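Architecture and fold: a report
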Amino acid sequence: MMKAGPPTPYLVVDRDVLDRNLERMRSIAARHGVRLRPHMKTTKSVEIALAAHGGQAGSITVSTLREARHFADAGFRDILYAVTTTPAKVTEIAALGAATGAQITILAEDATVAAAVGAEAQSCGLRLPVLIDIDCGYGRSGLHPDDPHLPVLGRLIHDHPGLSLAGVMTHAGQAYDCRDADAVRRVARQEVSATVAAATLLRDIGLPVPTVSIGSTPTALLADDLSGITEIRPGNYQFLDLTQAAISVCGPGDIALRVVTEVLSHHPGGHALVDAGALALSKDTGADGHYGIVARIGDTPAPPGLFIAKVAQEQGYLRGPHGLDLTWLLPVGTRVEVLPNHACMTAAAHDFYHIRSDSHAPDIWRRVNGWH
């Protein structure tokens, strides 16, 4: 049996790998001369947000108002709420700003909705800064840079007493469909081109566009030219994961997040049952259909070929290469560390990070969870 630790399953963060990832992105932002506004939806951790800015409470991005409140309470004052805002959210944004002094920037993609948001903001005594959401090919949200509604929306935001035009932004989520680094670089060029084109169109009709913001870990890490961009908003880069490794953005050794799980039993079908299932690992699958790869057995690097082949809600089926005797390699009670396919989804199921490091003291960091 392995020596006891926290009850499994739980998350471990390799602080030294995390620090290396954070420094890599800071260096990229400095090289391109752009502001780094990390997206905190992956880690949802005050400690990591501070570390991302070298110990300062810098500019950040969030996906929920609960995240915004969590970081504002911790001293973060420049927060982008990177989800299209509706009128129902304005009262909470106003209360958050009043209580903490944080400046919340919002998104818009529709003139009718933006006008209603502006009216609500005005009634709260606010003039909310707004970024216009641009679709650079992902297809999830936003306006294409040649959409005739773009100048209309820009003018409405600029002229509305409850709103202020802060710029344009996009997210190249299609980068995750790539299969190699060259394909990611092509998406990065599309991302830059679309956002700069939108900014140029608005400037050509006399509107101010101080912020031109892009966001995606693959494109931020591999883009070769960010001319015209003022800000990047990557998030997953803090932990990285097997999805990023599959598109040549990183290697397995760059993944800072692991799920620690315990072997419960062995079965004639050749699998070992572990206590990390879909709720601990997520149901996102890797390129080969697995739910995670075993990186360590206790304190020792794992041999290649161990993976989570199947998940139930709270249990996983751990398999290895054909012919490998798992009963000998992984006795009941053995703890293994599993690299996640999608760090954002995996981390969302847990409340704490157990920090491991060769250069820092062990620690436990809390993350904010919830969707409101």
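Keep in mind it's a predicted model, so treat the numbers as computed, not measured.

1. Observations concerning empty space enclosed by the protein
- Counted by the stated rule, this structure contains one cavity of 30 Å³ or more.
- Considering the residues around the largest cavity, the lining is formed by Thr84, Thr85, Ile106, Leu107, Ala108, Glu109, Asp110, Val113, Ala114, Val117, Val130 and Leu163.
- Contributing elements (two or more residues each) for the lining of the largest cavity: β5 (103–108) and α5 (111–123).
- Split into classes, the residues belonging to the lining of the largest cavity amount to eight nonpolar, two polar and two charged.

2. Overview of the pattern of salt bridges
- Counted under the stated rule, the structure contains 14 salt bridges.
- Residue Arg15 is joined to Asp19 by a salt bridge in which the shortest nitrogen-to-oxygen separation is 3.0 Å. Linking Arg15 with Asp19, this pair stays in helix α1 (residues 15–32), spanning four residues, or about one helical turn.
- Under the relative-accessibility criterion, Arg15 is labelled buried at 16%.

3. Section: the environment of Val311
- By the element assignment, Val311 lies in strand β14 (residues 307–311).
- When neighbours within four sequence positions are excluded, Val311 is seen to be in contact with Gly277, Ala278, Leu281, Lys283, Tyr291 and Gly316.

4. Some thoughts on the pairing of β5
- Extensive coverage of β5 is indicated by the burial of five of its six residues.
- Sheet topology note: the strand β4 (residues 78–84)/β5 ladder contains four bridges and is parallel. Of the residues in β5, the one forming a bridge with Ile79 is Ile104.
- With respect to chirality, the unit in which β4 leads through helix α4 (residues 90–100) into the neighbouring parallel β5 is right-handed.
- Pairing analysis gives three bridges linking β5 to strand β6 (residues 128–134), with the strands arranged parallel. Following the sheet pairing, Ile106 is matched in β6 by Val130.

5. Comments concerning the side chain of Asn236
- Along the polypeptide, Asn236 turns up in the loop between β9 (231–232) and α9 (242–246).
- The exposure class assigned to Asn236 is buried, which follows from its relative accessible area of 5%.
- A distance of 3.1 Å separates polar atoms of two side chains, one belonging to Asn236 and the other to Gln244.

6. Concerning the environment of Gly167
- Relative to the elements of secondary structure, Gly167 occurs in strand β7 (residues 163–170).
- By relative accessible area, which is 0% here, Gly167 ends up buried.
- Aside from chain neighbours lying at most four places away, what touches Gly167 is Val130, Leu131, Ile132, Val209, Pro210 and Thr211.

7. Examining the sheet that holds β7
- Taking strand neighbours across the sheet as the criterion, the eight strands line up as β2-β9-β8-β7-β6-β5-β4-β3 in an open arrangement whose pairing is parallel. Either end of the sheet is taken by a strand with one partner, and the two such strands are β2 (35–36) and β3 (60–62).
- Two strands pair when backbone bridges link them, and β7 and strand β8 (residues 211–214) are joined in this way by three bridges, in the parallel orientation. Within β8, the position partnered with Met169 by the bridge is Ser213.

Here is what the cut-offs are and how they apply
- Residues numbered from 1 in each chain as written.
- Predicted model: local features only at pLDDT ≥ 70, side-chain atom pairs only at ≥ 80, totals over all residues.
- Heavy atoms only, no water.
- 1 Å grid on protein atoms, 1.4 Å probe; cavity = no way out; pocket = protein on both sides within 12 Å on 5 of 7 lines; lining within 4 Å.
- Points joined across faces, edges and corners; volume = space filled by probe spheres on them.
- Helix = DSSP H or I, 4+ residues; strand = E, 2+ residues; numbered from the N terminus.
- Nonpolar A, V, L, I, M, F, W, Y, C, P; charged D, E, K, R; others polar.
- Salt bridge = Lys/Arg side-chain N within 4 Å of Asp/Glu carboxyl O.
- Buried < 20%, exposed > 50% of the residue type's maximum accessible area, 1.4 Å probe, protein only.
- Contact = heavy atoms within 4.5 Å.
- Pairing = 2+ DSSP bridges.
- Right-handed = clockwise from strand over helix to strand, strands pointing away.
- Polar contact = N/O pair within 3.5 Å; in protein donor to acceptor, adjacent residues only side chain to side chain.

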